[in-house]
Amino acid sequence: MNFLVLILGSDANAYYMARCCYEAYKVKPHLIGQKKLGFTKYTNILTIEYYEDLWDEEKFIKKINDYAKKNKFKKVMLVSTNETYTEFISKNRDKLEENLVYNLPDEKIIKTLTNKENFYKTYENSNLCFPKTIYFNMNDDINKINIEYPMVIKPANVVEYNHISFEGKNKIYKINNFNELEDTINRIKNSEYNDRLIIQEFIPGDDSYLYDSVVYLDKNSKCRVISFAQIGLQERTKTMVGNAAVLINGFSTFNGDSDKQIKDIVTFMESIGYKGFAEIDMKYDARDNKFKVLEINARQGRCSYYLTPLGYNLIKVMADDIIFDEQKDFKILDEKVLLSFVPKGIIKKYCTENPRFRQEALSLWKKKKVVKPMDCKYDKNIKRFLQLRKRWLHYYKEYKYSYWK
């Protein structure tokens, strides 16, 4: 392999991108992470270093430039695993070493996606559909919020919100009555978060009404691959709600026009000049048979590994484009594959509100058409094996005592 892969992050996203690199080229990528996380612990398929100042923009640029200088005779392909790193790279293109290569959207586009208020306002007249949304200042009168219960509250400025902590902090809040609304807003108001809140209608339906799409647009902003998957279960911890735990690509139990939604996503992403991987989170609204876009992440998502067993290894897709300059035909991935972060017992016990999805998931598991992003056959380390099995057992506790029902 005549190039290196530098992955920024140490979470589940970083691990499976490292796995993609190893599976494609049998070469260990290098990771730079801000802190130690279990996802990238006890692994034999990557090298990793930790740098506590990785959230500092100036120090971040210096750090990746130092790595590039040490490897100045090879191209270094940058892989970002969160929006902060993506924005840092795009903002400082002119300050990066020449051998650092990447395919990311420009700073202006990133800002319209990472700030949820900017996102909904910028694209409200696009070909995509969104839930009913209002933008709440901390000093606004909560009595004037004209959305029926249940409603959803989330931060407009995700980057700022992710960098603070406070008691009772959730990634997303589902609000069922006025007392919960008042308590939640006061809790956030008393934290260090200073931006607006997004308040949205809760689209009826359990987790199986959620959908995931992953797209890759090449360096010329042409879409080369897109998936479309139905989610059966999402994660249940306070910091992880909104992330898929179980999904099936190429499958749907509802009557929404997925072909039209795929076409609309491709048209939209190409029209804004997007580059690189993106993940689109949606929820099917049975009231009008439309898929409502909840957010677009300016990176591959935590669950996007499922493209790899479908023949589109995420690292290879990027390398073919920006390292080898290969032009690929557009491909819709419609083959069925089950992705699961949780053990089969969780699917049996908690994926009950949509029997058709549950049946299909268990059938695919039986047929061995299931992929577990954290479980790589090449990563033979007994400590990691035991850690993963402990994590699987812990899922039973998480689902049993989850705040998100």
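Please refer to the structure higher up on the page.
In this text the structure is predicted, and so the values were computed from the model without any measurement.

Reading the values: rules and limits
Residues numbered from 1 in each chain as written. Predicted model: local features only at pLDDT ≥ 70, side-chain atom pairs only at ≥ 80, totals over all residues. Heavy atoms only, no water. Helix = DSSP H or I, 4+ residues; strand = E, 2+ residues; numbered from the N terminus. Rg over C-alpha atoms; globule rule 2.2 N^0.38 Å. Contact = heavy atoms within 4.5 Å. Areas by Shrake-Rupley, 256 points an atom, 1.4 Å probe, with all protein chains shown as cover. Lys, Arg positive; Asp, Glu negative; His and termini not counted. Charge placed at Lys NZ, Arg CZ, Asp CG, Glu CD. Pairing = 2+ DSSP bridges. Axes fitted to C-alpha atoms, helices over the stretch in contact; angles between N-to-C directions. 1 Å grid on protein atoms, 1.4 Å probe; cavity = no way out; pocket = protein on both sides within 12 Å on 5 of 7 lines; lining within 4 Å. Points joined across faces, edges and corners; volume = space filled by probe spheres on them. Nonpolar A, V, L, I, M, F, W, Y, C, P; charged D, E, K, R; others polar. Core = buried A, V, L, I, M, F, W, Y, C linked by side-chain atoms within 4.5 Å. Buried < 20%, exposed > 50% of the residue type's maximum accessible area, 1.4 Å probe, protein only. Parallel < 35°, antiparallel > 145°, perpendicular 65-115°, else oblique. Salt bridge = Lys/Arg side-chain N within 4 Å of Asp/Glu carboxyl O. Patch = residues over 30% accessible without salt bridge, like charges linked within 9 Å, V, L, I, M, F, W, Y side chains within 5 Å.

> What exactly am I supposed to notice about the overall build of the protein here?
What the protein contains, in helices and strands, is 12 helices and 18 strands. Since a compact globule built from 405 residues should have a radius of gyration of about 22 Å, the 21 Å found for the protein is in line with a globular shape. Once the C-alpha set of the protein is aligned to its principal axes, its extents read approximately 60 × 50 × 40 Å. Contacts spanning at least 24 positions in sequence make up 71% of the contacts within the protein whose residues lie at least 6 apart. Here the protein has roughly 18,400 Å² of accessible surface; of this, 47% comes from carbon and sulfur atoms. Positive and negative side-chain charges in the protein, numbering 68 and 55 respectively, have mean positions lying 7 Å apart.

> I tried to follow unusual backbone geometry on my own but got confused; where do I start?
The general pattern is negative phi for most residues beyond glycine and trans for most peptide bonds. In this structure, Pro150 follows Tyr149 across a cis peptide bond, with omega equal to -5 degrees. With respect to the secondary-structure elements, Pro150 resides in the loop between strand 6 (133-136) and strand 7 (151-155). Within the chain, Lys26 stands out as a residue other than glycine whose phi angle is a positive 55 degrees. Within the fold, Lys26 resides in the loop between helix 1 (12-25) and strand 2 (30-33). Phi is positive for Asp325, which is not a glycine, with a value near 55 degrees. Among the structural elements, Asp325 can be located in the loop between helix 9 (314-322) and strand 16 (331-333).

> Honestly, the sheet that holds strand 5 (residues 100-101) in this entry has me stumped. Any pointers?
Strand pairing in a sheet is mediated by backbone hydrogen bonds. Such pairs are either parallel or antiparallel. Taken in spatial order, the 5 strands line up as 3-2-1-4-5 in an open sheet, and their pairing is parallel. The open sheet has two free edges, formed respectively by strand 3 (47-50) and strand 5, since each of these has just one partner strand. Relative to strand 3, strand 2 runs parallel, the two sharing 4 bridges. Bridge pairing in strand 3 links Gly33 to Tyr50. Against the sheet, helix 1 touches strand 1 (3-8), strand 2 and strand 4 (75-80), its axis set at about 165 degrees to strand 1.

> Where do I start with empty space enclosed by the protein in this structure?
Left-over empty space is what a probe sized like a water molecule reveals as it rolls over the atoms. A complete count under the given rule lists 1 cavity of 30 Å³ or more for this structure. Taken as a whole, the largest cavity spans an internal volume of roughly 100 Å³. Listed by contribution, the elements that provide at least two residues to the lining of the largest cavity are strand 4 and strand 14 (276-285). If one sorts the elements of the lining of the largest cavity by residue count, strand 4 sits on top with 3 residues. Looking at the lining of the largest cavity residue by residue, the classes come out as 7 nonpolar, 5 polar and 1 charged.

> I keep staring at the nonpolar core and nothing clicks. Help me out?
For soluble globular proteins, nonpolar side chains are generally found buried alongside one another. One finds Met77 and Tyr306 to be the most contacted residues of the largest nonpolar core, which totals 66 residues. The dominant element in this core, judged by the number of residues it contributes, is helix 1, at 9 residues. Dropping the residues within four chain positions of it, Tyr306 is found in contact with Asp212, Ser213, Val214, Ser227, Ala229, Leu247, Asn249, Val337, Leu339 and Val371. One finds Ile145, Ala156, Tyr211 and Leu217 within the second-largest nonpolar core, a separate group that totals 51 residues.

> Got a minute to help me understand the packing of helix 1 against helix 9 in this structure?
The relative placement of two packed helices comes down to the angle between their axes together with the axis-to-axis distance. Viewed as axis vectors pointing N to C, helix 1 and helix 9 meet at an angle of 70 degrees, and their least axial separation amounts to 7 Å. Relative to helix 9, the element helix 1 lies roughly perpendicular. Judged by residue contacts, Tyr16, Met17, Cys20, Cys21, Ala24 and Tyr25 of helix 1 engage Leu314, Ile315, Lys316, Met318 and Ala319 from helix 9. Taken together, the residues of the contact of helix 1 with helix 9 break down into 10 nonpolar, no polar and 1 charged.

> What's the story with the pattern of salt bridges in this structure? I'm lost.
Two side chains carrying opposite charge are able to pair once their charged atoms lie near each other. Per the stated rule, a full pass over the model turns up 29 salt bridges. Between Lys111 and Glu107 there is a salt bridge whose closest N-O contact spans 4.0 Å. Here Lys111 and its partner Glu107 are both found in helix 4 (residues 107-114), 4 residues apart, which amounts to about one turn of the helix. A relative accessible area of 36% places Lys111 in the partly exposed class. With a closest N to O distance of 2.9 Å, Lys316 and Asp320 form a salt bridge. Highlighted residues: Lys316 and Asp320, both in helix 9, separated by 4 residues, approximately one helical turn. Residues joined by salt bridges that share partners form a network here, namely Glu201, Asp285, Arg287, Asp288 and Lys292.

> Got a minute to help me understand the sheet that holds strand 6 in this structure?
An order of 6-9-7-8 is seen for the 4 strands of this open sheet, with the pairing classed as antiparallel. The strands lining the two open edges of the sheet, one partner per strand, are strand 6 and strand 8 (173-175). Between one strand and the next, the sheet's axes are offset by a mean angle of 25 degrees, whatever the strand orientation. Relative to strand 8, strand 7 runs antiparallel, the two sharing 3 bridges. In the strand pairing of strand 8, Ile153 is matched with Tyr173. Running at roughly 150 degrees to strand 8, helix 7 (residues 178-189) makes contact with strand 6, strand 7, strand 8 and strand 9 (197-201) of the sheet.

> Teacher, can you tell me more about a negative patch on the surface here?
On the surface, a cluster of negative charge is contributed by Asp257, Asp259, Asp334 and Glu335. Position of Asp259 relative to the elements: it lies in helix 8 (residues 258-271). Residue Asp259 is classed as exposed on the basis of its relative accessible area, which comes to 60%.

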